[in-house]
Amino acid sequence: MSEQESLRCSSARNRGGVQRVEGKLRASVEKGDYYEAHQMYRTLFFRYMSQAKHAEARELMYNGALLFFSYNQQNSAADLSMLVLEVLEKSEAKVEDEILENLAKLFSLMDQNSPERVAFVSRALKWSTGGSSKLGHPKLHQLLAVTLWKEQNYSESRYHFLHSSDGEGCAQMLVEYSASRGFRSEVDMFVAQAVLQFLCLKNKNSASVVFSTYTEKHPSIEKGPPFVQPLLNFIWFLLLAVDGGKLTVFTVLCEQYQPSLKRDPMYNEYLDRIGQLFFGVPPKQSPSYGGLLGNLLNSLMGSGEDDDVGEEAQEDSSPIELD
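Residues numbered from 1 in each chain as written. Predicted model: local features only at pLDDT ≥ 70, side-chain atom pairs only at ≥ 80, totals over all residues. Heavy atoms only, no water.

### Observations concerning the packing of helix α7 (residues 138-150) against helix α8 (residues 154-162)
Convention followed: Orientation is described by lines fitted to C-alpha atoms, with helices fitted over the stretch in contact, and by angles between N-to-C directions that extend from 0 to 180 degrees. Per the convention used, a helix needs a DSSP run of H or I reaching at least four residues, while a strand needs a run of E reaching at least two, with both numbered from the N terminus. For classification purposes, angles smaller than 35 degrees are called roughly parallel, those larger than 145 roughly antiparallel, those between 65 and 115 roughly perpendicular, and all remaining angles oblique. In this scheme, a crossing is called left-handed if the near helix is turned counterclockwise away from the far one by less than a right angle; it is called right-handed if the turn is clockwise. Contacts were defined at the residue level, with two residues in contact if any of their heavy atoms lie within 4.5 Å. By the convention adopted, Pro, Cys, Tyr, Trp, Phe, Met, Ile, Leu, Val and Ala count as nonpolar, Lys, Arg, Asp and Glu as charged, and the other residues, Gly among them, as polar.
Across the interface, α7 lies against α8 with an axial gap of 8 Å and an inter-helix angle of 165°. It follows from the interaxial angle that α7 and α8 lie roughly antiparallel. In this structure, α7 crosses over α8, and the sense of that crossing is left-handed. Contacts from His141, Leu144, Ala145, Val146, Leu148 and Trp149 of α7 reach α8 at Tyr154, Glu156, Ser157, His160 and Phe161. Among the residues making up the contact of α7 with α8, the classes are represented as seven nonpolar, three polar and one charged.

What follows is the structure, encoded as structure tokens:
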């Protein structure tokens, strides 16, 4: 028997063993012996880990978590979900779409108000930071954003969309957010903030996509450009100016639209950062921002980071960690 055939046979035996164990555990859960089943899962987890059977351990914990979720055993399910992350961390598993989708599935089943959910997502994002995605994989951010959108948790969804590469999904969520929670007079402000923050992350592509999709799909926005709302015209011109990179155009544009920009005190602060990133404007004297602005910009770009963060954001679109 060749080495490859031997490995296949070994894998098949392991898979059969996992299935037999899962059958016994499922029977315990179905009988309502939740505590006993939970302890059995944990015992098997440590046994598999000591034998370096990482794939088996991860599969068993993932399926076990789903089983406990199906019986509304949130604490046991959350515990096994954290063990899934422990396997990934200790085995130094590579980031793959299937794994990210599994993590997002576990997240979606957790109690929305549980502290375990916060801990899980923070740890999952940290694990997913392999390679250049230092602050969370954009695909995982996107999956989390979609889950939160379905839960109508628009502010948290927006947060994760901002750190994904899904400008179109972000725009569609913002249309729903604006229509259900915002005033008609604020339809332009929902997308303006998103575009400015995407640009602060030096993610020009997502900034353009979120603007074009939002203005096309929002029922309260007449087809443009030009638009009825001056703020939308400003954002449209700004995106064109960013492509051109001419400081004089940027400066005149900001001066001409000051009445619109004064609607939100953060706009000019974001534009200061955009001026530095795209138009060569020197940074302010102070190396760091303070107060409200500091909290917002640090959450967007990472405390103490310089322009290199922007370069990475353009590549991986995942510029921040959860607080």
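After presenting the structure, the write-up continues.
### A closer look at the confidence of the model for the protein chain
Applicable threshold: Scored between 0 and 100, pLDDT is the confidence that the predictor attaches to each residue.
With 81% of its residues at a pLDDT of 70 or more, the protein chain shows a mean pLDDT of 87. Per-residue pLDDT stays below 50 along residues 303-323; that stretch engages in 53 contacts with residues further than four places along the chain or on separate chains.

### Notes on the pattern of salt bridges
Note the following rule: Throughout this description, the term salt bridge denotes a Lys or Arg side-chain nitrogen within 4 Å of a carboxyl oxygen of Asp or Glu.
Applying the stated criterion across every chain, the model contains six salt bridges. Linking Glu151 and Arg117 is a salt bridge whose minimum nitrogen-to-oxygen distance equals 2.6 Å. Within this pair, whereas Glu151 is found in the loop between α7 and α8, its partner Arg117 is found in helix α6 (residues 115-127), the two being separated by 34 residues in sequence. Of the charged contacts, one joins Arg263 and Asp188 as a salt bridge, the two residues approaching to 2.6 Å between their closest N and O atoms.

### Observations regarding the nonpolar core
It is characteristic of soluble globular proteins that their nonpolar side chains tend to be buried jointly. The condition is simple: Side-chain atoms within 4.5 Å link the members of a nonpolar core, which is a set of buried Ala, Val, Leu, Ile, Met, Phe, Trp, Tyr and Cys residues. Exposure categories follow from relative accessible area, calculated using a 1.4 Å probe and restricted to protein chains: below 20% of the type maximum is buried, above 50% is exposed, and the middle band is partly exposed.
Judged by nonpolar contacts, the single largest core of 50 residues is most densely connected at Val195, Leu199, Tyr214, Phe234, Leu238, Leu271 and Ile274. Going through the elements one at a time, α7, α8, α9 (167-181), α10 (187-200), α11 (204-217), α12 (230-244), α13 (247-256) and α15 (266-279) are the ones with two or more residues in this core. Top element by residues in this core is α10. It accounts for 11 residues. If near-sequence neighbours (up to four positions away) are discounted, Ile274 is found in contact with Leu196, Leu199, Cys200, Phe250 and Phe279. Counting residues in hydrophobic clusters, the runner-up holds 40 residues, among them Val18, Ala65, Trp127 and Leu143.

### Digging into the packing of aromatic side chains
Stated precisely, the cut-off is as follows: Only the six-membered ring of Trp is used, alongside the rings of Phe and Tyr, when aromatic pairs are assigned; centres must lie within 6.5 Å, and planes under 30 degrees apart are stacked while those over 60 apart are edge-to-face, with the rest tilted. We call a charge positioned over a ring when the NZ of a Lys or the CZ of an Arg lies within 6 Å of the ring centre and within 35 degrees of the ring normal.
Counting across every chain of the model gives 11 aromatic pairs. Between Tyr34 and Tyr71 the ring centres are 6.2 Å apart and the planes differ by 55°, which places this aromatic pair in the tilted class. With Tyr34 in helix α2 (residues 34-50) and Tyr71 in the loop between α3 (54-70) and α4 (74-91), this residue pair connects regions lying 37 residues apart in the sequence. When the centroid spacing of 6.1 Å and the interplanar angle of 70° are considered together, the rings of Trp149 and Phe161 count as edge-to-face. Within this pair, whereas Trp149 is found in helix α7, its partner Phe161 is found in helix α8, the two being separated by 12 residues in sequence. With a relative accessible area of 0%, Phe161 lands in the buried category. The ring of Phe107 carries Arg117 above its face, with NZ or CZ at 3.9 Å from the centroid.

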